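Okay, here's what each chain looks like letter by letter:
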Amino acid sequence: MSDTATPDSPRPPTAGSRPPDATGPRLPSAGPRVPTVDLGPWLSGDPGARARIARTVDGALRSAGFLLVTGHGVDPDLRARVREAARVFFTLPAEVKELYAAKVGGRGWLGPGAEANGYAEGTPTPPDLKESLTFATHEPFDDPATNAEWYAPNVWPAETPELRALCEEYLARMGELENHLLALLGEALGLEPDFFTRHMDHPTYGFNINWYPGTEVVGEPQEGQFRIGPHTDFGTVTILDRQAGRGGLQVYTDEGGWEDAPFDPDAFTINIGDLMARWTGDRWRSGRHRVLPPPSDEPTEELMSLVYFGECTPGTRVESVPAPVGRVAYEPVDSHVYLREKLDSITVD
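Throughout what follows, the structure given in this document is the object of discussion. Residue positions are given per chain, counting from 1 as you read along its sequence in written order. Local features in a predicted model are, by the rule used here, given only for residues with pLDDT of at least 70; side-chain atom pairs are given and counted only at 80 or more, and totals for whole chains, interfaces and linings are based on all residues. Computation of side-chain values covers all heavy atoms of the structure but excludes hydrogens and water.

1. A look at the side chain of Gln250
Stated precisely, the cut-off is as follows: Going along the chain from the N terminus, every DSSP run of H or I of four or more residues is numbered as a helix, and every run of E of two or more is numbered as a strand. Categorising residues by exposure relies on relative accessible area from a 1.4 Å probe, with only protein chains included: less than 20% of the type maximum marks a residue as buried, more than 50% marks it as exposed, and the intermediate range marks it as partly exposed. We call two N or O atoms a polar contact when they sit within 3.5 Å, provided that within protein one can donate a hydrogen and the other can accept it, with sequence-adjacent residues counted only if both atoms are side-chain atoms.
Examined against the element boundaries, Gln250 turns out to sit in strand S8 (residues 249-253). The exposure class of Gln250 is buried, given its relative accessible area of 1%. Side-chain polar atoms of Gln250 contact the side chain of Asp260, separated by 3.0 Å.

2. A word on the environment of Asp344
On the secondary structure map, Asp344 appears in helix H9 (residues 335-345). Asp344 gets classed as partly exposed once you look at its relative accessible area, which sits at 47%. With 239 residues separating them in the primary sequence, Asp344 and Gly105 have C-alpha atoms 8.2 Å apart.

3. Details of the packing of helix H3 (residues 76-90) against helix H6 (residues 163-188)
Note the cut-off: For helices, the fitted line uses only the C-alpha atoms of the stretch in contact; every axis is such a line through C-alpha atoms, and the angle between N-to-C directions lies from 0 to 180 degrees. A crossing counts as left-handed when the near helix is turned anticlockwise from the far one by less than a right angle, and as right-handed when that turn is clockwise. Contact definition: two residues touch when any of their heavy atoms are within 4.5 Å. Following the grouping adopted for this structure description, the nonpolar residues are Ala, Val, Leu, Ile, Met, Phe, Trp, Tyr, Cys and Pro, the charged ones are Asp, Glu, Lys and Arg, and the polar ones are all others, Gly among them.
Following both chains from N to C, one finds H3 and H6 inclined at 140 degrees, their axes separated by 9 Å at the closest point. In the crossing of H3 with H6, the sense of the turn from one axis to the other is left-handed. Along its contact with H3, which presents Leu78, Arg79, Arg81, Val82, Ala85 and Ala86, the element H6 presents Leu163, Leu166, Cys167, Glu169, Tyr170 and Arg173. The residue makeup of the contact of H3 with H6, split by class, is eight nonpolar, no polar and four charged.

4. So, the sheet that holds strand S7 (residues 237-241)
Which entries qualify depends on this criterion: Strands are treated as partners if at least two bridges between them are detected by DSSP.
Spatially, the eight strands line up as an open sheet ordered S1-S2-S10-S7-S12-S5-S4-S3, and their pairing is mixed. What marks the edges here is a single partner per strand, and that holds for strand S1 (36-38) and strand S3 (108-110). Strand-to-strand, the axes of this sheet are offset by a mean angle of 25 degrees, without reference to chain direction. For S1 and strand S2 (residues 66-70), the ladder comprises three bridges, and the chain directions are parallel. Each bridged residue has a counterpart across the sheet, and for Thr36 the counterpart in S2 is Leu68. Helix H2 (residues 47-63) contacts S1, S2 and strand S10 (268-272) of the sheet and is inclined by roughly 145 degrees relative to S2. Sheet strands touched by H6: S2, strand S4 (131-136), strand S5 (206-212), S7, S10 and strand S12 (303-310). Its angle to S7, the strand with the most contacts, is close to 130 degrees.

5. Here's the deal with the pattern of salt bridges
Our working rule: Here a salt bridge means any side-chain nitrogen of Lys or Arg lying within 4 Å of a carboxyl oxygen belonging to Asp or Glu.
By the definition in use, this model includes 18 salt bridges. The closest approach of N and O atoms between Asp77 and Arg81, which form a salt bridge, is 3.0 Å. With Asp77 and Arg81 both in helix H3 and four residues apart, this pair spans about one turn of that helix. In this structure Asp77 comes out as partly exposed when scored by relative accessible area, which is 41%. Assessed through its relative accessible area of 31%, Arg81 is described here as partly exposed. With a closest N to O distance of 3.3 Å, Glu319 and Arg317 form a salt bridge. We classify Glu319 as partly exposed; its relative accessible area is 40%.

6. Topic: the packing of aromatic side chains
The condition that has to hold: Two rings from Phe, Tyr or Trp (for Trp, the six-membered ring) form a pair when their centres sit within 6.5 Å of each other. Planes less than 30 degrees apart are called stacked, planes more than 60 degrees apart edge-to-face, and all others tilted.
Scanning the entire structure with this criterion turns up eleven aromatic pairs. An angle of 35 degrees between the planes, with centres 6.5 Å apart, marks the rings of Phe135 and Phe207 as tilted. With a gap of 72 residues between them, Phe135 in strand S4 and Phe207 in strand S5 connect regions that are remote in the sequence. By relative accessible area, Phe135 is classed as buried at 2%.

7. Points about the nonpolar core
Quick note on the threshold: The term nonpolar core refers to a set of buried residues drawn from Ala, Val, Leu, Ile, Met, Phe, Trp, Tyr and Cys, joined through side-chain atoms within 4.5 Å.
Val57, Phe90, Leu133, Leu185, Ile209, Ile239 and Met276 are the most contacted members of the largest nonpolar core, which has 69 residues in total. A per-element tally of this core places H6 first, with twelve residues. Once you skip the residues sitting within four places of it in the chain, Leu133 turns out to touch Ala86, Phe89, Phe90, Gly108, Trp109, Pro157, Leu163, Phe207, Asn208 and Ile209. Grouped together as the second largest cluster of nonpolar side chains are 14 residues, Ala64, Tyr212, Val251 and Val307 included.

Okay, here's the thing in structure tokens:
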């Protein structure tokens, strides 16, 4: 990806195919319409506060598909220690990391050139400029075929023995936060609080630690090459712990085109994915985003993101809620047939 961003462009379709980006100068930005929500009043149970928060969330997810969340109770020191342990792995020689190589959607190391997220919306971008460690749920499922596909054991690098305990603690906190968020989303739609959570009794959540090194590692970006190409996430709710940087996250809105995402070191960045957009009948939009390349004026910039992808229990039937809540009636889909197709679509052969 070049050190450019897209000017105002036509509205991308929400849950179907999306147009490729036009190339143009990066626009100055006052920040996209991404509010910050303090979960503290929501968790305290005050009805008035909960109703106000639900309205704010509904508005944010209609506009950009993103919001920031504070008051979540996740220890910032835990997040820092996960990064420190992961960096030990990422800076190992390539031949050592190759021992843990995995395919997209698997468990282990995704090396340079493994993914091109822009493929998911039909954009022929070069491969993404990142490496990832990927983990997921490992608790057995009762169906052998489903168990083999979605619940394989995690692969923990022997060179960083402290990483496993840190990630398992972090994932436990993410599971708790996801349930709070899904209950909030149910109320934001005016539905019962367990409308989403009842489909998460055995979820196939995923966890990516994405490493974005500088050009001394990845080389000079090709034209149209990104740290992560323009895309929407595929599932329900994404919980992102990110670092500020010039080669960082941008989100797309109809009003502003591509804009730098607001950053708060205490907050998680939350967005919904394609399945959630379908579930709400496009009342909410799947948050379109990208990660800029190493900036030309700071080519050695290094960032690391912790990305938790909330998913349903396999076999969940995702059916659009009807009007007046929903806007579009999509055909029902099996959650994990849909997810597999999407994961396959971003795999670089």
